[in-house]
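Inside the fold
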Amino acid sequence: MIRGLYTAASGMYAQQHQIDVTSNNIANVNTAGFKKDRAEFQDLMYQRLNFTGGATSENTRNPTGMDVGLGVRVSGVQKSFEEGDIQTTGNTFDIAIEGKGFFQVTMPDGEIAYTRNGGFKVNEEGTIVNGNGYPMEPEIVVPDNLVDVNIAPTGLITATDPATGEEQELGQITLADFINPAGLKPIGESLFQVSTASGDPIEANPAEDQFGGLRQGFIEMSNVALVTEMVDLITAQRAYEANSKSIQTADKLLTIVNQLKRT
């Protein structure tokens, strides 16, 4: 009976984690470059009361055995790097990646972070930066005397000198990819950092090898499907209630046992 209490409690804890993950997905449904999470679960160890194949007589054996599970635990939370919806903005420095790849930005501590959020801008020095002011890697500067900035699908950035009408190359955007993107470490602000699980970054120009091309004036939104998340939220809530009902049932049975009297 006590086993059932702890087993149901582990289920409530697991479903609470599922609700936490789903709530975070819903909260970021409109966050550019956000990648949804998926909670994964594993059953816990089993208490073996009778071995499978154990002898039941001199000539027969137990065909099934008797194993009692001890509940569930959260085994991990995995990021899904499916592409989100591409929305048009018309902004010069909004860039979407059509396919695989991550933009690279330099953090204040000098570390490189990776993102799918292509909402870039220029700072007071003309440097292309993200929403937090982190410069794109490699750093690209747009002089204030140039107009008609163009970002090609291959990542080449050009602009026109209005005085001469000549087109000038300003720099080349490079993307990074990983053998295991799900192993990247999320640090918030739609940014990720390398981990031992992700592997080392593979760099190349957009539209080369496995990398996607760029689209200027567009931005990739979250890949959260709100309907799916609402269904997951309802399922987790009902599972939480079912586990709590198991605890109530076990408590009632214990109460009956405690009330037994000798006749």
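This write-up is about the structure you can find in this document. (Residues numbered from 1 in each chain as written. Predicted model: local features only at pLDDT ≥ 70, side-chain atom pairs only at ≥ 80, totals over all residues. Heavy atoms only, no water.)

**Some thoughts on the pattern of salt bridges**
Throughout the structure, instances matching the rule amount to six salt bridges. Here Asp37 makes a salt bridge to Lys79, at a shortest N to O gap of 3.3 Å. You can see Asp37 sitting in strand 1 (residues 37-43) and its partner Lys79 sitting in strand 4 (residues 72-79), a full 42 residues away along the chain. Each member of the pair, Asp37 as well as Lys79, is classed as buried. The shortest N-O distance in the salt bridge between Glu98 and Arg215 comes to 3.4 Å. Highlighted residues: Glu98 in strand 6 (residues 95-98) and Arg215 in strand 18 (residues 213-216), separated in sequence by 117 residues. For Glu98, a relative accessible area of 42% gives the class partly exposed. Through salt bridges with shared partners, a single ionic network connects Lys35, Arg116 and Glu220. (Salt bridge = Lys/Arg side-chain N within 4 Å of Asp/Glu carboxyl O. Helix = DSSP H or I, 4+ residues; strand = E, 2+ residues; numbered from the N terminus. Buried < 20%, exposed > 50% of the residue type's maximum accessible area, 1.4 Å probe, protein only.)

**Observations concerning the pairing of strand 8 (residues 112-115)**
The pairing of strand 7 (residues 103-106) with strand 8 spans four bridges and is classified as antiparallel. Note on strand 8: the bridge partner recorded for Val105 is Ala113. Between strand 7 and strand 8, which pair antiparallel and follow one another directly, the connecting turn spans five residues, one of which, Gly110, has a positive phi of 90°. (Pairing = 2+ DSSP bridges.)

**Describing unusual backbone geometry**
With omega at 0°, the peptide bond leading from Glu137 into Pro138 counts as cis. When you line up the elements, Pro138 lands in the loop between strand 10 (128-129) and strand 11 (147-151). Here the phi dihedral of Asp148 falls at roughly 55°; this positive angle occurs in a residue that is not glycine. Topologically, Asp148 is positioned in strand 11. Taking the relative accessible area as the measure of exposure, Asp148 reaches 60% and is therefore exposed. Its identity is not glycine, yet Glu189 carries a phi of approximately 60°, on the positive side. Along the chain, Glu189 turns up in the loop between strand 15 (185-188) and strand 16 (191-193).

**So, the layout of surface pockets**
Leftover empty space is mapped by rolling, across the atoms, a probe with the size of a water molecule. Put simply, the largest pocket is a space of about 180 Å³. Along its surface, the largest pocket is lined by Phe81, Glu83, Gly99, Lys100, Gly101, Phe102, Arg116, Asp177, Phe178 and Pro181. Looking at the lining of the largest pocket, its residues break down into four nonpolar, two polar and four charged. (1 Å grid on protein atoms, 1.4 Å probe; cavity = no way out; pocket = protein on both sides within 12 Å on 5 of 7 lines; lining within 4 Å. Points joined across faces, edges and corners; volume = space filled by probe spheres on them. Nonpolar A, V, L, I, M, F, W, Y, C, P; charged D, E, K, R; others polar.)

**Regarding the packing of helix 1 (residues 2-27) against helix 2 (residues 226-258)**
It is at 8 Å that the axes of helix 1 and helix 2 come closest, and there the two elements cross at 160°. Here helix 2 runs roughly antiparallel to helix 1, going by the angle between their axes. Here helix 1 and helix 2 pass one another in a crossing that is left-handed. Taken together, the residues of the contact of helix 1 with helix 2 break down into 16 nonpolar, eleven polar and three charged. (Axes fitted to C-alpha atoms, helices over the stretch in contact; angles between N-to-C directions. Parallel < 35°, antiparallel > 145°, perpendicular 65-115°, else oblique. Left-handed = near helix turned anticlockwise from the far one by under 90°.)

All we've got here are geometric facts, nothing functional implied.
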